[in-house]
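Notes for the structure review
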Amino acid sequence: MEQAYFDNGLLDRLPVVRGSLTANGNLSNQTWFRAGGPAEVLFKPYDAEDLAYLLSNCPEDVPVTVLGNASNVLIRDKGVPGVVIRLGPNFVNMTVGEDWIKAGGGSNDYNVAKVAQVNGLAGLEWLSGIPGTIGGGVKMNAGAYGREMKDVLMRAKIMDRKGRTEEYMADELGLRYRGSNVNDESIVIEAVLKAESGDREQIALRMKEIREKRIKTQPIGQKTAGSTFANPEDDAEGRKSWQLIDAAGCRGLKIGQAQVSERHCNFLINTGRASAKEIEDLGEEVRKRVFQKFGIKLRWEVRILGEALQNE
């Protein structure tokens, strides 16, 4: 059971907003790992104006953390200090053009792919295989099935830590393998993605193929955060992370109730009531064994946020 590890002093330092502010806001029930501590204050803004108002009036010493779909996040057991922002229903609006789609930063990737399909727009099917949001996808240059965000992003509106919004063209964001120049305190408010005219049935078939492949190869339905480690860019043999993890003997490895998936060993799973520490320790053990065998340091793709408990 998640405990409240922060006092309520921060709430009194924040402005009155139209959205919701919750002291010791539960995060473990929102992350896909279903583990970890609370947010010192959880903020769900009513709209972009509300978000800008809080940020422009938030004390500078207060950390700000942005969560998208929380599908690739591990929250440490003490929780996340400062304000944690989750975008709500007014950040998921979509507009469809002849060869583009504009989506709010809180839009689910699958929903964007589905809207594109319904409107006969091809080239975004791969988004249906990513369990995240458009905002998070821009920030980390998410990718799957041979494509990534930098291949389709035209421009994005981004709000900074002081509540100021600016529009950037894709080539201004430094999109690279699982990364960008968008810092952790900035929020992607909306993004415009390019597409092309296509056949609705063929697009739907491609999305179905992606879903079936995910079901067959990934631990769908379990408490996991997707791919744990980015594929190494410095391996002369071009091996993927799962191949290195498997060859290092880590498939099925357990620490407490955290386990390396038997189905896809670049996925860590919470088999019951694993603590965030157990999950993180398991990931570090995997990294250690891969380095010992191959001399390659795997980089976490899962974002690790917050603080550990003092007795850990």
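Residues numbered from 1 in each chain as written. Predicted model: local features only at pLDDT ≥ 70, side-chain atom pairs only at ≥ 80, totals over all residues. Heavy atoms only, no water.

1. Here's the deal with unusual backbone geometry
Stated precisely, the cut-off is as follows: Going along the chain from the N terminus, every DSSP run of H or I of four or more residues is numbered as a helix, and every run of E of two or more is numbered as a strand. Three exposure classes are used, based on accessible area relative to the maximum for each residue type with a 1.4 Å probe and protein chains only: buried under 20%, partly exposed in between, and exposed over 50%.
Backbone geometry at Asn24 places phi at a positive 50°, although glycine is not the residue there. The topology assignment puts Asn24 in strand E1 (residues 20–25). Assessed through its relative accessible area of 16%, Asn24 is described here as buried.

2. Details of the packing of helix H2 (residues 109–118) against helix H5 (residues 200–217)
The description of two packed helices rests on the angle between their axes and on the distance between the axes. Heads up, the condition is: Between N-to-C directions, angles cover 0 to 180 degrees, with each direction set by a line fitted to C-alpha atoms, over the stretch in contact for helices. Throughout this description, any angle smaller than 35 degrees is read as roughly parallel, any larger than 145 degrees as roughly antiparallel, any in the 65 to 115 degree range as roughly perpendicular, and the remainder as oblique. Contact criterion: two residues are considered in contact whenever any of their non-hydrogen atoms come within 4.5 Å of each other. In the scheme used here, Gly and all other residues not listed as nonpolar or charged are polar, with Ala, Val, Leu, Ile, Met, Phe, Trp, Tyr, Cys and Pro taken as nonpolar and Asp, Glu, Lys and Arg as charged.
For the pair H2 and H5, interaxial distance at closest approach is 8 Å and the crossing angle is 155°. The angle between H2 and H5 places the two elements in the roughly antiparallel class. Here H2 contributes Tyr110, Ala113, Lys114, Gln117 and Val118 to the contact with H5, which in turn contributes Arg200, Ile203, Ala204 and Met207. Its residues assigned to classes, the contact of H2 with H5 shows 6 nonpolar, 1 polar and 2 charged.

3. Some remarks on the pattern of salt bridges
Defined as follows: Whenever a carboxyl oxygen of Asp or Glu lies within 4 Å of a side-chain nitrogen of Lys or Arg, that contact is scored as a salt bridge.
Inspection of every chain in the model, using the stated rule, returns 22 salt bridges. In this structure, Glu148 engages Lys150 in a salt bridge whose closest nitrogen and oxygen atoms are separated by 3.6 Å. For Arg289, the salt bridge identified is with Glu285, shortest N-O distance 2.8 Å. Here Arg289 pairs with Glu285, and both are found in helix H7 (residues 276–294), just 4 residues apart, close to one helical turn. By relative accessible area, Arg289 is classed as partly exposed at 28%. Residues joined by salt bridges that share partners form a network here, namely Glu148, Lys150, Arg178 and Glu301.

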